[in-house]
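This is what each chain is made of:
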Amino acid sequence: MTNREIADLLEQVGTALELISDNPFKARAYYSAARTIAACQDSVYDLAEQGKATTIKGVGASVGEAINDIVKNGSPTILEELLGEIPPDVWRMLSLPGLGPKRVRSIWRSLNITTLDELEQACRDNRLLSLEGFGEKTQARILSGIDLLRRSEDRLLLSAAHQIADEFIALLAKRCELAGLSLDRVEVTGPLRRKCETVEVIDILIGSVNTEDSDRIAQVISGLTSDVEDVADAADLAFCTSMTGRSVAVAYRGARVAVHIRPASMFACSLFLLTGSSSHVSECIALFPGLLECDSALNSEATIYRSARMQFIPPEMREGAGEVAAAKAGKLPTLVEEGDIKGILHVHTNYSDGTHSIEDLVRYCIEQGYEYIGIADHSRSAFYAGGLSPSDLIRQNREIKEIQSKYPEIRILHGIESDIRADGSLDYDDGLLAMLDFVIGSIHSRFAMPKDQMTARVIAAVRNPYLSILGHPTGRLLLSRDPYEIDLDAVLEAVAEEGKSVELNADPHRLDLDYKGCLTARRMGIPVAINPDAHGPSGINNIRFGVSIARKGWLTKSDVLNCLTADEIVTAFRRMRKS
């Protein structure tokens with residue numbers, strides 16, 4: 001378990017205490033320890049295993065006991081006890097915009113509201129206006145947040161769905177092996193295979209040797225959980241009524257997993273039919289009706305597309321967005337691959353809210369084979385994230401030069417993730433910005449501006465001669481915050497006019513630009529920077545999710561900024577500044 005994961009659990013304890021206890025000092029102790037642990041260079045997990053949790057600065061006996069619980073059980077006992085005293089919906093209210101622990105406590109204790117339905121009605125009745133610090137705008141934001149929460153229920157981020165699918169497949173394979181069963185082929189399919197940004201159901205396809213094995217595999221699946229149901233309307237069976245097979249849905253780790261068991265001879269046909277969106281599959285069948293027969297000669301997806309006289313269409317593109325016509329005309333682009341990425345930009349260090357030093361991150365990128373790394377900590381306006389003062393920025397620049405001399409095999413680029421202020425200006429004066437290799441401009445505050453003002457704000461930042469990359473341009477947080485109101489087409493037109501780049505933020509909570517925005521950027525000739533927005537070495541690996549969305553948005557190697565070599569990207573950044 002990482003320091004960040006331990007810190008998150010301690011923060012949850014602090015939040016729960018703030019909701020329940022009248023003593024603020026108890027909560028502060030956990031919050032303080034969480035901040036310390038998140039920034040700790042040593043493994044707190046290892047220290048706790050050695051009985052040294054309380055040797056960490058700011059960790060007393062009670063917090064140390066919680067850390068020991070985390071190491072032994074995966075969760076602190078105190079958190080489980082506290083959550084037992086808090087109504088589930090009260091805890092969920094913390095995810096609503098504008099509601100921190102103090103406000104949720106006020107709603108719960110003063111108005112005796114314990115469910116989202118009660119909170120929604122209270123907002124509509126203006127009852128929250130009786131509480132200190134609540135106004136009409138806050139009520140409106142809460143109502144909007146409740147709507148988003150309900151729309152997001154039972155959905156998973158792409159990264160979480162992948163992790164659960166991998167665990168489920170590994171467990172199923174192990175149980176089948178113990179039962180003397182061999183799985184012919186197993187593939188993730190459906191929206192997860194198409195790399196949709198969020199997933200409601202994890203679809204898994206299994207090829208079985210015979211009908212008897214199919215029934216026994218279904219029994220093994222049933223043994224993994226008590227929550228099992230037959231699924232009668234599986235996509236491939238709906239298209240091909242003559243196909244034999246069985247589908248079951250199970251609940252696993254809070255996710256809905258649909259397992260489709262098909263004869264091995266029908267595997268390729270099933271994989272195709274279960275992967276594409278309904279419009280994609282329908283378009284293909286219109287071109288190749290023989291698909292409905294699911295002939296065993298169709299033994300691969302490549303064969304299926306070849307039989308339909310079109311190019312092979314990568315799974316990510318199968319959305320019915322013009323890809324079938326392009327494939328029929330032989331005009332599909334060659335999509336970017338993870339191996340095409342030459343370097344990593346937008347990495348946070350412990351100068352701001354990252355967990356590791358510059359040198360730690362440089363060494364990690366060298367190990368991963370990257371040609372360059374772009375350090376981009378938060379600017380001074382992001383005080384909540386330890387944004388850098390001008391003197392910090394200068395000190396960091398000196399340190400980067402020192403580290404560069406130690407590691408000539410990689411290029412270390414010095415950048416900043418500058419807040420875009422309300423008037424569209426960037427942090428720091430021109431002299432400091434000129435010192436940097438690149439500047440990412442991002443919105444981190446004042447999300448509720450009217451659409452025309454937000455659009456003008458961002459366009460003003462794009463026209464700043466020092467801005468290189470427009471960061472996470474819609475500001476969305478998947479499953480928790482809708483995009484702010486902005487005319488994205490107008491913003492991208494300004495990016496194209498100024499010769500700048502736009503970010504595809506690869507953090508699984510953002511994936512911003514989305515794939516439709518990537519299509520627009522490609523059409524306008526805007527280079528897209530696939531950035532992990534990493535706050536530690538593990539975050540750098542998020543690049544793979546960004547590449548998935550880039551492929552979904554039809555991006556090629558030549559469309560992606562950080563597919564350039566180290567020398568080429570330095571030249572590109574200089575050209576952006578010159579323009």
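What comes next concerns the included structure. Everything quoted here is computed from the prediction, not taken from an experiment. (Residues numbered from 1 in each chain as written. Predicted model: local features only at pLDDT ≥ 70, side-chain atom pairs only at ≥ 80, totals over all residues. Heavy atoms only, no water.)

## Comments concerning helix α22 (residues 488-498)
Given 3.6 residues per turn, any residue in an α-helix points the same way as the ones three and four places further on.
For step 1, the next point in the chain: If you check which residues of α22 are buried, you get L488, V491, L492, A494, V495 and E498. With its buried residues spanning 155 degrees around the axis, α22 presents them on a single face.
For step 2, the next point in the chain: Of the residues flanking the end of α22, it is G499, one or two places downstream, whose phi is positive at about 70 degrees. (Buried < 20%, exposed > 50% of the residue type's maximum accessible area, 1.4 Å probe, protein only. Helix = DSSP H or I, 4+ residues; strand = E, 2+ residues; numbered from the N terminus. Arc of directions from axis to C-beta.)

## Quick word on the sheet that holds strand β11 (residues 438-442)
For step 1, the next point in the chain: Reading across the sheet, the seven strands line up as β8-β9-β10-β11-β12-β13-β14 and stay open at both edges, with parallel pairing between neighbours. The open sheet terminates on both sides in strands that have one partner only, identified here as β8 (343-347) and β14 (528-531).
For step 2, the next point in the chain: Here strand β10 (residues 411-419) pairs with β11 via five bridges, running parallel. Residue pairing for β11: I416 is matched across the bridge by V439.
For step 3, the next point in the chain: Helix α18 (residues 358-367) contacts β8, β9 (372-378) and β10 of the sheet and is inclined by roughly 145 degrees relative to β9. (Pairing = 2+ DSSP bridges. Contact = heavy atoms within 4.5 Å. Axes fitted to C-alpha atoms, helices over the stretch in contact; angles between N-to-C directions.)

## Considerations on the nonpolar core
For step 1, the next point in the chain: Of all hydrophobic cores here, the largest spans 94 residues; its most connected members are F168, I202, I221, I341 and I373.
For step 2, the next point in the chain: Per element, the largest residue contribution to this core is seven residues, and it comes from helix α10 (residues 158-178).
For step 3, the next point in the chain: In contact with I373, other than residues within four places in its own chain, are I344, V347, L361, V362, C365, I410, R411, I412 and L413.
For step 4, the next point in the chain: Among the nonpolar cores identified, the runner-up in size contains 49 residues, and M93, C123, L131 and I146 belong to it. (Core = buried A, V, L, I, M, F, W, Y, C linked by side-chain atoms within 4.5 Å.)

## Quick notes on the packing of aromatic side chains
For step 1, the next point in the chain: Within this structure, the stated rule accounts for five aromatic pairs.
For step 2, the next point in the chain: Their ring planes at 80 degrees and their centres at 5.6 Å tell us that Y305 and F312 sit as a pair that is edge-to-face.
For step 3, the next point in the chain: Given the relative accessible area of 1%, Y305 is considered buried.
For step 4, the next point in the chain: You can call F312 partly exposed: its relative accessible area is 38%.
For step 5, the next point in the chain: An aromatic cluster is defined as three or more aromatic residues linked by ring pairs; in this entry it consists of F272, Y305 and F312.
For step 6, the next point in the chain: Taking the ring centre of F447 as reference, the NZ or CZ of R481 above it sits at 4.1 Å.
For step 7, the next point in the chain: Above the ring of Y515, the side-chain terminus of K552 is found at 5.1 Å from the ring centroid. (Phe/Tyr/Trp six-rings, centres within 6.5 Å; stacked < 30°, edge-to-face > 60°. Lys NZ or Arg CZ within 6 Å of the ring centre and 35° of its normal.)

## A look at the side chain of H348
For step 1, the next point in the chain: Relative to the helices and strands, H348 resides in the loop between β8 and α18.
For step 2, the next point in the chain: There is a polar contact of 3.3 Å between the side chain of H348 and the backbone oxygen of A376.
For step 3, the next point in the chain: If we skip the residues at most four places from it in the chain, H348 touches D353, G354, L361, A376, D377, H378, E417, D533, A534, H535 and G536. (Polar contact = N/O pair within 3.5 Å; in protein donor to acceptor, adjacent residues only side chain to side chain.)

## So, the packing of α22 against helix α23 (residues 515-524)
For step 1, the next point in the chain: Two numbers describe how α22 lies on α23: the axes approach to 10 Å, and their chain directions differ by 35 degrees. Here α22 runs over α23; the crossing is right-handed. Here α22 contributes D489, L492, E493 and A496 to the contact with α23, which in turn contributes G517, T520 and M524.
For step 2, the next point in the chain: Along the lines of polarity and charge, the residues of the contact of α22 with α23 split into three nonpolar, two polar and two charged. (Left-handed = near helix turned anticlockwise from the far one by under 90°. Nonpolar A, V, L, I, M, F, W, Y, C, P; charged D, E, K, R; others polar.)

## Focus on unusual backbone geometry
For step 1, the next point in the chain: Omega for the bond connecting D512 with L513 falls within 30 degrees of zero, at 15 degrees, which places this linkage in the cis form.
For step 2, the next point in the chain: Summarising the element assignment, L513 is placed in the loop between β13 (501-505) and α23.
For step 3, the next point in the chain: Although it is not a glycine, D154 adopts a positive phi angle of roughly 65 degrees.
For step 4, the next point in the chain: By secondary structure assignment, the location of D154 is in the loop between α9 (136-152) and β1 (156-157).

## Regarding the pattern of salt bridges
For step 1, the next point in the chain: The final tally for this structure, using the stated rule, is 28 salt bridges.
For step 2, the next point in the chain: The salt bridge partner of D482 is R151, with a shortest N-O separation of 2.9 Å. In this pair, D482 sits in the loop between β12 (469-470) and α22 while R151 sits in helix α9, placing the two residues 331 residues apart along the sequence.
For step 3, the next point in the chain: Looking at D482, the relative accessible area reads 31%, which means it is partly exposed.
For step 4, the next point in the chain: R151 sits in the partly exposed class, given a relative accessible area of 46%.
For step 5, the next point in the chain: With its nearest N and O atoms 3.9 Å apart, the salt bridge here joins R411 to D567. With R411 in strand β10 and D567 in helix α26 (residues 566-578), this residue pair connects regions lying 156 residues apart in the sequence.
For step 6, the next point in the chain: Residue classification places R411 among the partly exposed positions, given a relative accessible area of 30%. (Salt bridge = Lys/Arg side-chain N within 4 Å of Asp/Glu carboxyl O.)

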